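# Topology and contacts: notes
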Amino acid sequence: MNTEPKYSYSSKSLEDTKKLGLAIAENIQTPMLIELSGDLGGGKTALVKAIAKGLGINQTVTSPTFNIHRSYESPDGIVLEHFDFYRLTGGAPEFQEAGFREYFNPQSVCVVEWPDKAAGLPPADLKIELAVDAVGSGRNVAIFAESEAGVTCLRKLQSLVVP
C-alpha cells in the first residue's frame, strides 16, 4: 500500500485526541491491526483509551508498558488487544516466544504502541504517527492506510469535520 499520509489531524487538546479515537472506533472493522508511533508522552495511550470508549468498553484502559499486553472486551464481543512494546529488546524472537501472535485473530482489534520494537508483527491496517507540535501543547497526527480495511476506515474518517 501507499505510505503517503492519507489523513492528517491537528489535535490541539486531549479532547481533540479523544474525538479522533472515537471516530476511529466508529469505523473499525475486525480484524484490524493499528500501529501507533511517536515520542514518549505523544498521546498514544490517550488515543487507545478513546478507541476503547468508542468500542463501548467500560473497563479502565491503562498503558501496558510494564505488562506489555492488556485485553479488553466490548459488549459486542470485539476484543481490543492493547500492546506496548517499549520494553521489548529482543525484536522478533521475543515477540514470537511470548506468544503474542495468538492475540491477532478475527475477533480482535490490535493496537500496538512502539511496533518498531517487535519485528515480525502481522501487516498493519493503519499506521498512526503522533508528534508533539512545535509549541508543545498539541499533536500532529498522520494516519496511513496499509490495507483495504485501512483504506475503508480512512475514507470514512476523511468525511469528518476536524479541528
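Per chain, the residues get numbers from 1 upward, laid out in the order the sequence is written. The model is predicted, so local features are restricted to residues of pLDDT at least 70 and side-chain atom pairs to those at 80 or more, both for listing and for counting; the totals for chains, interfaces and linings are taken over all residues. For the side-chain quantities, the full set of heavy atoms in the structure was used; hydrogens and water were omitted.

Our next topic: the sheet that holds strand 6 (residues 126-132). Each strand in a sheet pairs with another by means of backbone hydrogen bonds, the pair being arranged parallel or else antiparallel. We treat two strands as partners when DSSP finds at least two bridges between them. A run of H or I in DSSP becomes a helix once it reaches four residues, and a run of E becomes a strand once it reaches two; helices and strands are each numbered from the N terminus. What the 7 strands build is an open sheet, ordered 1-7-6-2-5-4-3; its pairing is mixed. For this open sheet the edge positions go to strand 1 (7-11) and strand 3 (69-73), each flanked by a neighbour on one side alone. Each strand axis lies, on average, 15° off the axis of its neighbour in the sheet, ignoring direction. As defined by bridge partners, strand 4 (residues 79-84) adjoins strand 5 (residues 108-113) across 6 bridges and the pair is classed as parallel. Note on strand 5: the bridge partner recorded for V79 is S108. A contact between two residues is defined here by any heavy atoms of the two lying within 4.5 Å. Convention adopted: a line fitted to C-alpha atoms gives each axis, helices being fitted over their contacting stretch, and angles between N-to-C directions are expressed from 0 to 180 degrees. Against the sheet, helix 1 (residues 14-26) makes contact with strand 1, strand 2 (32-38), strand 6 and strand 7 (139-145), and its axis sits at roughly 145° relative to strand 1, the strand it touches most. Packed on one face of the sheet, helix 4 (residues 148-158) meets strand 1, strand 2, strand 6 and strand 7 and runs near 135° to strand 7.

Classification of residues uses two cut-offs on accessible area relative to the type maximum, computed with a 1.4 Å probe and protein chains only: under 20% is buried, over 50% is exposed, and between them is partly exposed. Counting buried residues along strand 5, 6 of its 6 residues qualify, which places the element largely inside the surrounding structure. Covered by surrounding structure in strand 5 are S108, C110 and V112 together with V109, V111 and E113, the residues of both alternating faces. Where strand 2 meets strand 5, 5 bridges bridge the pair, whose relative direction is parallel. Across the sheet, the residue bridging to M32 is V109, located in strand 5.

Right, let's talk about the side chain of S11 for a bit. Checked against the element boundaries, S11 lands in strand 1. Whenever a nitrogen or oxygen atom comes within 3.5 Å of another N or O atom, the pair is scored as a polar contact, on the condition that within protein one atom can donate a hydrogen and the other can accept it, and that pairs from neighbouring residues in sequence are kept only if both atoms are in side chains. Of the polar contacts made by the side chain of S11, one reaches the backbone oxygen of S13; its length is 2.9 Å. S11 has contacts with D16, T17, G138 and R139, leaving out every residue within four places of it along the chain.

Attention shifts here to the pairing of strand 7. Within strand 7, 6 of the 7 residues are buried, leaving the element largely enclosed by the surrounding structure. With 5 bridges joining them, strand 1 and strand 7 adopt antiparallel strand pairing. Its bridge partner lying in strand 7, S8 is registered against A142. Sheet topology note: the strand 6/strand 7 ladder contains 7 bridges and is antiparallel. Bridge pairing in strand 7 places L130 opposite V141.

Moving on: the packing of aromatic side chains. What describes a pair of aromatic rings is the distance from one ring centre to the other and the angle between the planes of the rings. When two rings of Phe, Tyr or Trp (its six-membered ring) have centres within 6.5 Å they constitute a pair, described as stacked for plane angles under 30 degrees, edge-to-face for angles over 60, and tilted for the intermediate range. In this structure the tally under the stated criterion is 3 aromatic pairs. With a centroid separation of 4.9 Å and an interplanar angle of 55°, the aromatic rings of Y86 and W114 are classed as tilted. Residue Y86 is located in the loop between strand 4 and helix 3 (92-97), and its partner W114 is located in the loop between strand 5 and strand 6; the two are separated by 28 residues in the primary sequence. Of the residues examined, Y86 reaches a relative accessible area of 30% and is grouped as partly exposed.

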